[in-house]
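Given next are the chains, with one letter for each unit.
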Amino acid sequence: MVGKVILKVLRPYLSLNLSRKVAVCFILGIIFGCLARFFPPVHNIVNPEGFRTLGVIFINLIKMIIAPLIFALITNSFLSVKEPGKAGVLAVKSVCLFFLMTFISVAIGIGATKFFKPGASKNIDIQKIISQNSNAVNGVINSDQKKKGIVDFLINIIPSNIFQAFYNSDFLQIIFFAIVFAMGIRKAGQANGVIGDLFKSMDKVMYKVTDICMEFSPFGIFGIVVWLIATQDASLIKSLGAIVLIVYGSMTFMIYIIYGIVLLLLGLNPFKFFKKLFPSQISGYLLSSSSAVLPLSMQISKDKLGISEEKVSFAIPLGAKINMNGTSLNLGVSVIFISQLFGVDFTMSEIVKIVILCTLGSIGTAPVPGASIFLLSGILNSLGLPVEAIGIIIAVDRILDMMRTYGNISGDVFSALLLDKIDGTLDVEKYNS
Ligand code: ASP
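Residues numbered from 1 in each chain as written. Predicted model: local features only at pLDDT ≥ 70, side-chain atom pairs only at ≥ 80, totals over all residues. Heavy atoms only, no water.

This part takes up the overall build of the protein chain. The helix and strand inventory of the protein chain stands at 23 helices and zero strands. Against the globule reference of 22 Å for 433 residues, the protein chain gives a C-alpha radius of gyration of 22 Å, in line with a compact fold. Principal axes of the C-alpha set define a box for the protein chain whose edges measure 70 × 65 × 45 Å. The buried share of the protein chain, taken over its 433 residues, is 52%. Long-range contacts, defined as pairs at least 24 residues apart, comprise 84% of the intrachain contacts of the protein chain with a sequence gap of at least 6. When the accessible surface of the protein chain is summed, it comes to about 19800 Å², and 68% of that surface belongs to carbon and sulfur atoms. Both charge centroids of the protein chain, one from 36 positive and one from 24 negative side chains, sit 6 Å from each other. (Helix = DSSP H or I, 4+ residues; strand = E, 2+ residues; numbered from the N terminus. Rg over C-alpha atoms; globule rule 2.2 N^0.38 Å. Buried < 20%, exposed > 50% of the residue type's maximum accessible area, 1.4 Å probe, protein only. Contact = heavy atoms within 4.5 Å. Areas by Shrake-Rupley, 256 points an atom, 1.4 Å probe, with all protein chains shown as cover. Lys, Arg positive; Asp, Glu negative; His and termini not counted. Charge placed at Lys NZ, Arg CZ, Asp CG, Glu CD.)

Below is the structure:
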């Protein structure tokens, strides 16, 4: 009897497609979050951390599949290319495009911060905010995550232990191993043999496993929205609103104006791109993790945007690790903002150094929540700015992280689309459908 009633109530929800389910849960999350924040009876009985657990469960489900998914897709895509030389060309083209886009993002962020001067505001009590966040600041300063240089980064691409690479879901190490592994299969003449067939099937299986895990995404989004609304400190947004506005404004400019113009120039309707990618962008925004929505981005790219298998399975996971348009923009804005707060004026050559540091730094950032704050402390240090100033950014980092993740995800799919369109392999009919 109870089962029948529950089923009756749930039937309309179950008949929806995944995007609509996410939309319903998102709206429910806003309603519950507002009740938990503003309605004292609910506020007293609801524990927002409990809701956050739903988001953590979803992120764990994705973490569970991400390493085998990337391994299966990259190996299969390298086995399916007709001429192996082409794979190398794709890798070089992808990396050059990622660099260019990251560079443009930092430049836009720095340009906007220099122009609007948010750090010149007299309403920001620097010392108070820094001391309120001193624990988090110490955690970042004492962490060794920021101490990795570019040489370490490059050496680290080669996994000393492949199981550890899987254990850590280290994208670059898994990609590296998958490429070497695919080369081995080819050299052994097995590309069309048993192992080749196995990887073709693995590829399909992993997409299905992704579908299963994604069914939980509406609940994860629901939980995170309730937690965010119930717990975020709105007063900080008031005093640090200027930096939030600059990051949101310049990221929106980069995505909707720059990408939009490039798409128009390529003869593609930008609205199709924005509309189809939105479920992935908004999920990444709420979860603050581009890796958590990587499977969804790949699925949308392949099934809705018509991007070829080759670009989807290689350029997007690689981009998720090294193409951090949102992170680099956020780093650039943060550095200039802090310099303005402390009255430091950089020369042109120092600005060029900042652009390079932010570009290279963002490449080393993990696609997980709050990752780039560690880098910011390293960059401030190398520019002679007080490292404790990250306390100001930490105060609003969650809200900035959401937008930079939105930018990171958009940049990855946009790059894959661009490469595919230039190569003439994009399924334009599917894109326009
Ligand atoms: N949260 C970001 C991402 O997942 C990384 C960062 O902290 O910049 O893309």
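We are not done yet, so read on.
Our next topic: the packing of aromatic side chains. Between two aromatic rings, the relevant description is the distance of the centres plus the angle of the planes. A complete count under the given rule lists 18 aromatic pairs for this structure. Considering the side-chain rings of F115 and F116, the 5.0 Å spacing of their centres and the 90 degrees angle between planes classify their relative orientation as edge-to-face. The same class applies to F115 and to F116, which are both exposed. In this arrangement the basic side chain of R52 is found over the ring face of W227, its NZ or CZ atom lying 4.5 Å from the centre. (Phe/Tyr/Trp six-rings, centres within 6.5 Å; stacked < 30°, edge-to-face > 60°. Lys NZ or Arg CZ within 6 Å of the ring centre and 35° of its normal.)

It is worth spelling out the pattern of salt bridges at this point. Inspection of every chain in the model, using the stated rule, returns 12 salt bridges. Across the pair D397 and R404 runs a salt bridge whose closest N-O atoms are separated by 3.0 Å. Given a relative accessible area of 9%, D397 falls into the buried group. (Salt bridge = Lys/Arg side-chain N within 4 Å of Asp/Glu carboxyl O.)

Direction vectors running N to C along helix 4 (residues 48-80) and helix 12 (residues 217-231) enclose 145 degrees, while the axes themselves pass 7 Å from each other. Every pair of crossing elements has a handedness; the one defined by helix 4 and helix 12 is left-handed. Facing helix 4, whose interface residues are P48, E49, F51, R52, L54, G55 and F58, helix 12 presents S217, F219, G220, F222, G223, I224, V226, W227, A230 and T231. A per-class count over the contact of helix 4 with helix 12 returns 10 nonpolar, five polar and two charged. (Axes fitted to C-alpha atoms, helices over the stretch in contact; angles between N-to-C directions. Left-handed = near helix turned anticlockwise from the far one by under 90°. Nonpolar A, V, L, I, M, F, W, Y, C, P; charged D, E, K, R; others polar.)

This brings us to the site of the ligand. Taken together, the neighbourhood of the ligand is formed by 16 residues, with S290, T327, D401, R404 and N408 sitting nearest. A distance of 3.1 Å separates a nitrogen atom of the ligand from a polar backbone atom of S288. In this structure, P367 approaches the ligand through a main-chain N or O atom, which is 3.2 Å from an oxygen atom. The protein chains hide 100% of the 270 Å² of surface that the ligand would expose on its own. (Near = heavy atom within 4 Å. Polar contact = N/O pair within 3.5 Å; in protein donor to acceptor, adjacent residues only side chain to side chain.)

It is worth spelling out the environment of R37 at this point. Tracing the backbone shows R37 in helix 2 (residues 18-38). Judged by relative accessible area, R37 falls into the partly exposed class, the value being 27%. Once the C-alpha coordinates of R37 and L228 are considered, the two residues, 191 residues apart in sequence, prove to be 9.9 Å apart. Within the local environment of R37, its side chain forms a polar contact with the backbone oxygen of I229, the two atoms lying 2.8 Å apart.

Core analysis: the largest hydrophobic core is formed by 126 residues, its most contacted members being L240, F273, L286 and V335. Element by element, the count of residues in this core is highest for helix 4, at 14 residues. Filtering out sequence-adjacent residues up to four positions away, F273 remains in contact with L263, L305, S410, V413, F414, L417 and Y431. By size, the runner-up hydrophobic cluster in this structure holds five residues, among which are Y13, C25, F222 and V226. (Core = buried A, V, L, I, M, F, W, Y, C linked by side-chain atoms within 4.5 Å.)

The subject of this paragraph is the side chain of R404. Relative to the helices and strands, R404 resides in helix 22 (residues 397-423). For R404, the contacting residues outside a window of four places in its chain are G326, T327, N330, G370, S372 and D397.

What follows covers the environment of G109. By the element assignment, G109 lies in helix 5 (residues 84-116). Measuring from C-alpha to C-alpha, the distance between G109 and S250 comes to 6.0 Å, with 141 residues separating the pair along the chain. Once residues lying within four places of it in the same chain are set aside, the contact partners of G109 are S250, L329 and V333.

With that settled, the discussion passes to the packing of helix 15 (residues 270-287) against helix 16 (residues 294-303). It is the contact of helix 15 with helix 16, at a shortest axis distance of 9 Å, that shows an interaxial angle of 175 degrees. For the element pair helix 15 / helix 16, the angle class is roughly antiparallel. Of the residues in helix 16, those touching helix 15 at K276, L277, P279, S280 and S283 are L296, S297 and I300. Each residue belonging to the contact of helix 15 with helix 16 can be placed in one class, and the counts come to four nonpolar, three polar and one charged. (Parallel < 35°, antiparallel > 145°, perpendicular 65-115°, else oblique.)

If you check helix 4, its first and last C-alpha atoms are 47 Å apart, about what 33 residues at 1.5 Å a residue would give, namely 48 Å. A bend of about 35 degrees at I66 is the largest found in helix 4, and the proline P68 appears one to four places after it. (Expected span 1.5 Å × (residues − 1). Bend = angle between axes of the 7 residues up to and from the residue.)

Let's shift gears to the confidence of the model for the protein chain. In the predicted model, the protein chain carries a mean pLDDT of 86, and the fraction of residues at 70 or more is 93%. Helix 7 (residues 134-142) is the least confidently modelled element of the protein chain, averaging 67 in pLDDT, while helix 14 (residues 241-265) averages 95, the highest of any element. (pLDDT = per-residue confidence, 0-100.)

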